[in-house]
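# Inside the fold
Chain residues, written in single-letter form:
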Amino acid sequence: MGNLLKVLTCTDLEQEPNFFLDFENAQPTDAEREVWEQVDVVLKDAKGILDELQAYKGAGQEIREAIQNPNDERLQEQAWAAVVPLVGRLKKFYEFSQRLEAALHSLLGALTSETYDDPTQHLEREQALAKQFAEILHFTLRFDELKMTNPAIQNDFSYYRRTLSRMRIKNVPAECENEVNNELANRISLFYADATPMLKALSDGTTKFVSENKNLPIENTTDCLSTMASVCKVMLETPEYRSRFASEETVSFCLRVMVGVIILYDYVHPVGAFAKSSKIDMKGCIKVLKDQPPHSVEGLLNALRYTTKHLNDESTNKTIKSMLQ
């Protein structure tokens, strides 16, 4: 079993398998290596993307001055010069979301294949791929947290599109239109219009994976997600396991991954994560979140409140709803 210890614990409802999965040290086996290397190329760029997004200040001042002084050509040029490189960065983030979606497809293909009988065996024997899947979820929620607190992103892009439109009407050549043409600008605009764009890209990508693989039972995908949620929940609520983390950062990593798989499950599963038939122990997961310092999990609780699909369904247990109020 290497770094993965299999345990069985009982919930109130049924016996469910849970694992200690070593997110810190899992290394690819020969069987995993091909997919692992494809995904690793994408994940190597993830930290740089987060750093760039965190450092994104926007061109708010230049834009305000240009709008307040519409006849001052110098201020118009300054605002345009400030916005163009920022739009290049926003385009880069958008293109990374497409690369991330492709990486997710590769991982889901491996982790839901019929090589093994169930998700338990997949996660047990393909730990390095499970770790990469977790890293994608961790990146996704972190990206969206940063994006939600930065209104400059949408303001900059809106100004860029308005200015580009005026330049077209006046037949003024826009040097950077080759970089972000109108069709691409529409797609990027839709991407950033979503409150949690990266999570939506991942949810859409997972749904697309299920629809494109009609020969694969949907349970292969949803059971993979629910098992990953159980893995994280058990590691977080069991002091013996939690003490094995070499870094405290692994705690926040696990919390993000748990919330990420819940949201994906909620989008992909026909009745969602909050239904009685859900294989995710939602009460247990929410309790684990609420047991952490409040400031460290408010963003994750908000992700469950506002970015899931089925929370407000009539069939959702009232206790779960009240736990998230």
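In this report, we go over the structure that sits alongside the text. Only a predicted model underlies this, so the values are computations on that prediction, with no experimental measurement involved.

On to the overall build of the protein. Looking only at helices and strands, the protein has 15 helices and two strands in total. In the protein, buried positions account for 52% of the 325 residues. Relative to all contacts within the protein whose residues are 6 or more apart in sequence, the contacts with residues 24 or more apart total 74%. Carbon and sulfur atoms form 49% of the exposed surface of the protein, whose accessible area is close to 16,100 Å².

This part is about the layout of surface pockets. A probe matching the size of a water molecule, rolled over the atoms, marks out where space remains unfilled. Considered as a void within the structure, the largest pocket measures approximately 770 Å³ in volume. What lines the largest pocket is a set of 28 residues, and nearest its centre among them are Lys47, Glu135, His138, Glu249 and Phe253. Elements represented by at least two residues in the lining of the largest pocket include exactly helix 1 (33–43), helix 2 (46–54), helix 6 (127–148) and helix 12 (249–268). Examining the composition of the lining of the largest pocket, we find that eight residues originate from one element, helix 6, more than from any other. Residue composition of the lining of the largest pocket, grouped by class: 11 nonpolar, seven polar and 10 charged.

A few words on the pattern of salt bridges. Summed over all chains, the structure comprises 17 salt bridges. In this structure, Lys131 engages Glu135 in a salt bridge whose closest nitrogen and oxygen atoms are separated by 3.0 Å. Linking Lys131 with Glu135, this pair stays in helix 6, spanning four residues, or about one helical turn. Under the relative-accessibility criterion, Lys131 is labelled buried at 16%.

Turning next to the packing of helix 4 (residues 73–111) against helix 8 (residues 182–193). Interaxial distance between helix 4 and helix 8 falls to 10 Å at its minimum, and their mutual angle equals 75°. One finds that helix 4 runs roughly perpendicular with respect to helix 8. Packed against helix 4, whose contacting residues are Leu90, Lys91, Phe93, Tyr94 and Ser97, the element helix 8 presents Leu184, Arg187, Ile188, Phe191 and Tyr192 at the interface.

Here the focus is the side chain of His105. Within the element layout of this structure, His105 appears in helix 4. Once residues within four sequence positions are removed from consideration, His105 is found in contact with Gly205, Lys208, Phe209 and Glu212.

With that settled, consider empty space enclosed by the protein. What the rule picks out here adds up to one cavity of 30 Å³ or more. For the largest cavity, the full set of lining residues is Leu141, Asp144, Glu145, Met148, Thr196, Leu199, Gly299, Leu300 and Ala303. Taken together, the elements giving at least two residues each to the lining of the largest cavity come down to helix 6 and helix 14 (294–306). The element contributing the most residues to the lining of the largest cavity is helix 6, with four residues. Classifying every residue of the lining of the largest cavity gives five nonpolar, two polar and two charged.

Let us now look at the packing of aromatic side chains. This model, assessed by the stated rule, comprises eight aromatic pairs. Taken together, a centroid distance of 5.4 Å and an interplanar angle of 0° make the contact between Trp80 and Tyr160 stacked. One end of the pair, Trp80, is in helix 4; the other, Tyr160, is in helix 7 (residues 152–169), with 80 residues separating them in the sequence. One exposure class covers both Trp80 and Tyr160, and it is buried. With 4.9 Å between their ring centres and 75° between their planes, Phe191 and Tyr192 make a pair best called edge-to-face. Here the aromatic cluster, defined as three or more aromatic residues joined through ring pairs, consists of Phe93, Phe96, Phe139 and Phe143.

What counts and how
Residues numbered from 1 in each chain as written. Predicted model: local features only at pLDDT ≥ 70, side-chain atom pairs only at ≥ 80, totals over all residues. Heavy atoms only, no water. Helix = DSSP H or I, 4+ residues; strand = E, 2+ residues; numbered from the N terminus. Buried < 20%, exposed > 50% of the residue type's maximum accessible area, 1.4 Å probe, protein only. Contact = heavy atoms within 4.5 Å. Areas by Shrake-Rupley, 256 points an atom, 1.4 Å probe, with all protein chains shown as cover. 1 Å grid on protein atoms, 1.4 Å probe; cavity = no way out; pocket = protein on both sides within 12 Å on 5 of 7 lines; lining within 4 Å. Points joined across faces, edges and corners; volume = space filled by probe spheres on them. Nonpolar A, V, L, I, M, F, W, Y, C, P; charged D, E, K, R; others polar. Salt bridge = Lys/Arg side-chain N within 4 Å of Asp/Glu carboxyl O. Axes fitted to C-alpha atoms, helices over the stretch in contact; angles between N-to-C directions. Parallel < 35°, antiparallel > 145°, perpendicular 65-115°, else oblique. Phe/Tyr/Trp six-rings, centres within 6.5 Å; stacked < 30°, edge-to-face > 60°.

All we've got here are geometric facts, nothing functional implied.
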